[in-house]
Amino acid sequence: MKILNRIISDKKIIVLIFILSSAFISTHLLLIHGKTFQEEGKRYTYYNNYQIFKYSYYHLIENKDLYKPYPEEHWDLFKYSPSFSLFFGIFTVLPDFMGLNLWNLLNALILLFAVYSLPDIDNRIKGMILLACLTELVTSMQNSQSNALIAGLLILAFGSLERGRNWASSLCIVLSASIKLFGILGFLLFLLFPGKWKSAFWSIFWIVIITLIPLVIIDFNQLKLLYSSWFHLLVNDHSSSYGLSLPGMLNSWFLIPVDKIIILFSGIILLCIPFIRIRNFREYTFRLLILSSLLIWIVIFNHRAESNSYIIAFAGISIWYFTTKKVPLNTVLVIFAFIFISLSPTDIIPRQIRLSFFEPYMLKVLPAVIIWLKITCDLLIFKVNNQNTGIFAAN
């Protein structure tokens, strides 16, 4: 046990595990044969999402519509901002074996750096948080997705606010929203900290910069067309899918149409209710619970959530569990979450059980919803302990 604790507490070992995991997953994706997304369809690479991101940069510099299908190049649509497309040019100019490795490594290391940026938590706890997230991180990297990057940016935003770095937190949130729009919910974190006007100023500054940055290679009229096309895609996309979310789970259970708008607004109300307890904002544990709640919320209420999205939710679950007092109920819930969220898509669970039990009933969603409701209840009954840390310690 002492040796295990030393390994978990050793930041260099955790960094090495994340780097090796990223390299192994990327290399495996590059070596295996392509796959089809429909019967007798065209074969695409196993790192199809990376191809979507890569070709979006070519489409951007060629003044094409980023949000139309390009079936000769990749499966599915590009759904992120024009600014993300420009950013991805850093990877596009490299051959795939380098670009894919660097992309997955960026996702892994941003999440790792973000967790280590959290103040007043010892390295042993941070190591456990990161190792608990590793299975979900692998799932995200196997899909060459950006979800670990989103989780990392939102946690970095929180850590920056704890240190009074409003400019950095604003940048992280705006960057996350430029990748996936639900990142804008990170702005709720500003309510927990002093310097709200400063945060608002920096947010406006970064929104203008990041929104307009594609103008370095395209003209203003083309940028307007791209944002209009993106908005049109997002509106239509919202009406076409339930995703691996709470509405999707309810629909699969009861086989009736579910009003996503009603569920979404109900979720927003429940998410925001704990913010009325302003007196508790000085408590570090309370703020960590808010962060955990937010990370889980943006997945379980996301109509486009996929299995690889759950690295975001599991980061919230891990922060919640390892930074709060251990009680039997919480331990049971986190074990339940690890089995149903992290292990359910893997070969550890027999294929027949996955196909007949976990997938049709979207059971990956269930523990995340239960834990989110538990965190919400904990926030509403939270008792003040005068635990002033981070930026509040100096006040």
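Residues numbered from 1 in each chain as written. Predicted model: local features only at pLDDT ≥ 70, side-chain atom pairs only at ≥ 80, totals over all residues. Heavy atoms only, no water.

Participant: Looking at this model, I keep getting lost on the overall build of the protein chain. Mind explaining?
Facilitator: Per the secondary structure count, the protein chain includes 18 helices and zero strands. Put simply, 73% of the contacts in the protein chain that link residues at least 6 apart link residues at least 24 apart. Entry remark: accessible area of the protein chain is about 18,300 Å², with carbon and sulfur atoms responsible for 68%. Side chains of the protein chain give 32 positive and 21 negative charges; the mean places of these two sets differ by 11 Å. (Helix = DSSP H or I, 4+ residues; strand = E, 2+ residues; numbered from the N terminus. Contact = heavy atoms within 4.5 Å. Areas by Shrake-Rupley, 256 points an atom, 1.4 Å probe, with all protein chains shown as cover. Lys, Arg positive; Asp, Glu negative; His and termini not counted. Charge placed at Lys NZ, Arg CZ, Asp CG, Glu CD.)

Participant: Could you clarify how one ought to interpret the pattern of salt bridges in this entry?
Facilitator: Close approach of charged atoms allows side chains of opposite charge to pair. According to the stated counting rule, one finds seven salt bridges in the structure shown. Where Arg-287 meets Glu-162, a salt bridge forms, and the shortest distance between an N and an O atom there is 2.7 Å. Of this pair, Arg-287 sits in helix H14 (residues 284-300) while Glu-162 sits in helix H8 (residues 147-162); the two residues are 125 residues apart in sequence, bridging distant segments of the chain. The buried category is assigned to Arg-287, whose relative accessible area is 0%. Assessed through its relative accessible area of 2%, Glu-162 is described here as buried. (Salt bridge = Lys/Arg side-chain N within 4 Å of Asp/Glu carboxyl O. Buried < 20%, exposed > 50% of the residue type's maximum accessible area, 1.4 Å probe, protein only.)

Participant: Would you take a moment to explain a nonpolar patch on the surface for this structure?
Facilitator: On the surface, a cluster of nonpolar side chains totalling about 640 Å² of accessible area is made up of Ile-269, Leu-270, Ile-273, Ile-276, Leu-373, Leu-380 and Ile-381. If you list the elements that add at least two residues to the nonpolar patch, you get helix H13 (260-272) and helix H18 (365-380). Within the secondary structure, Ile-273 sits in the loop between H13 and H14. Judged by relative accessible area, Ile-273 falls into the partly exposed class, the value being 31%. (Patch = residues over 30% accessible without salt bridge, like charges linked within 9 Å, V, L, I, M, F, W, Y side chains within 5 Å.)

Participant: Please clarify how the environment of Asn-302 should be interpreted in this entry.
Facilitator: Mapped onto the elements, Asn-302 comes out in the loop between H14 and helix H15 (310-323). Given a relative accessible area of 13%, Asn-302 falls into the buried group. Measuring from C-alpha to C-alpha, the distance between Asn-302 and Phe-182 comes to 8.0 Å, with 120 residues separating the pair along the chain. Among all residues touching Asn-302, those that are not within four sequence positions of it are Phe-182, Tyr-242 and Ser-245.

Participant: Would you mind going over helix H7 (residues 123-142) with me for this structure?
Facilitator: Turn by turn, an α-helix covers 3.6 residues, leaving residues three or four places apart pointing in a common direction. Here H7 contains 20 residues, and its C-alpha end-to-end distance of 27 Å stays within 8% of the 28 Å for a straight helix at 1.5 Å per residue. In the structure, H7 departs most strongly from a straight axis at Leu-134, where the bend amounts to approximately 45°. The buried count for H7 comes to 14 of 20 residues, which makes it a mostly enclosed element. The distance from a side-chain oxygen at the start of H7 to the backbone nitrogen of Arg-124 is 3.0 Å, and the residue carrying that oxygen is Asp-122. (Expected span 1.5 Å × (residues − 1). Bend = angle between axes of the 7 residues up to and from the residue. Polar contact = N/O pair within 3.5 Å; in protein donor to acceptor, adjacent residues only side chain to side chain.)

Participant: How should the nonpolar core be read in this particular structure?
Facilitator: Counting residues in hydrophobic clusters, the biggest one holds 117 residues, and the most contacted among them are Leu-137, Ile-155, Ile-298, Ile-300, Tyr-310, Ile-312 and Ile-317. If one sorts the elements of this core by residue count, H14 sits on top with 13 residues. The residues contacting Ile-300, other than those within four sequence positions of it, are Ser-245, Leu-246, Pro-247, Tyr-310, Val-365, Ala-368, Val-369 and Trp-372. (Core = buried A, V, L, I, M, F, W, Y, C linked by side-chain atoms within 4.5 Å.)

Participant: Explanation requested: the side chain of Ser-146 in the structure shown.
Facilitator: Along the chain, Ser-146 falls in the loop between H7 and H8. Those residues in contact with Ser-146, other than ones at most four positions away along the chain, are Tyr-80, Trp-103, Asn-107, Ile-179 and Lys-180.

Participant: I tried to follow the packing of H15 against helix H16 (residues 328-343) on my own but got confused; where do I start?
Facilitator: Between two packed helices, both the angle of their axes relative to each other and the distance between the axes serve to describe the pair. Their axes nearest at 11 Å, the elements H15 and H16 cross at an angle of 160°. Judged by the angle between their axes, H15 and H16 are roughly antiparallel. The element H15 and its partner H16 pack so that their crossing is left-handed. Along its contact with H15, which presents Tyr-310, Phe-314, Ile-317, Trp-320 and Tyr-321, the element H16 presents Asn-330, Thr-331, Leu-333, Val-334, Ala-337, Phe-338, Ile-341 and Ser-342. A breakdown of the residues in the contact of H15 with H16 according to their chemical character gives ten nonpolar, three polar and no charged. (Axes fitted to C-alpha atoms, helices over the stretch in contact; angles between N-to-C directions. Parallel < 35°, antiparallel > 145°, perpendicular 65-115°, else oblique. Left-handed = near helix turned anticlockwise from the far one by under 90°. Nonpolar A, V, L, I, M, F, W, Y, C, P; charged D, E, K, R; others polar.)

Participant: I tried to follow the packing of aromatic side chains on my own but got confused; where do I start?
Facilitator: Aromatic ring pairs: the centre-centre distance and the angle between the two ring planes describe each pair. Under the counting rule described, the total for this entry stands at 39 aromatic pairs. Between Phe-78 and Tyr-80, the aromatic rings sit 5.7 Å apart at their centres with planes inclined by 75°, giving edge-to-face as the arrangement. What makes Phe-78 buried here is its relative accessible area of 2%. Ring centres of Phe-357 and Phe-358 lie 5.3 Å apart, and the angle between their planes is 80°; this geometry places the pair in the edge-to-face category. For Phe-357, a relative accessible area of 39% corresponds to the partly exposed category. (Phe/Tyr/Trp six-rings, centres within 6.5 Å; stacked < 30°, edge-to-face > 60°.)

Participant: Explain unusual backbone geometry to me, please; I cannot follow it from the model alone.
Facilitator: Excluding glycine, residues mostly have negative phi values, and the peptide bonds linking residues are mostly trans. A positive phi angle, near 80°, is found at Asp-76, a position not held by glycine. Judged by relative accessible area, Asp-76 falls into the partly exposed class, the value being 34%. Positive phi outside glycine occurs at Met-362, with the angle close to 50°. Summarising the element assignment, Met-362 is placed in the loop between helix H17 (351-358) and H18.

Participant: Where do I start with the packing of H8 against helix H9 (residues 166-179) in this structure?
Facilitator: It is the contact of H8 with H9, at a shortest axis distance of 8 Å, that shows an interaxial angle of 160°. With respect to H9, the axis of H8 lies roughly antiparallel. As H8 runs across H9, the sense of the crossing is left-handed. Residues Leu-149, Ile-150, Leu-153, Leu-154, Leu-156, Ala-157, Ser-160 and Leu-161 of H8 pack against Asn-166, Ala-168, Ser-169, Cys-172, Ile-173, Leu-175, Ser-176 and Ile-179 of H9. The class makeup of the residues in the contact of H8 with H9 is twelve nonpolar, four polar and no charged.

Participant: What is the right way to look at the side chain of Ser-292 in this model?
Facilitator: Position of Ser-292 among the secondary structure elements: in helix H14. Within polar-contact distance, the side chain of Ser-292 engages the backbone nitrogen of Trp-320 at 3.3 Å. With near-sequence residues (within four places) excluded, Ser-292 lies in contact with Gly-316, Ile-319, Trp-320 and Ile-375.

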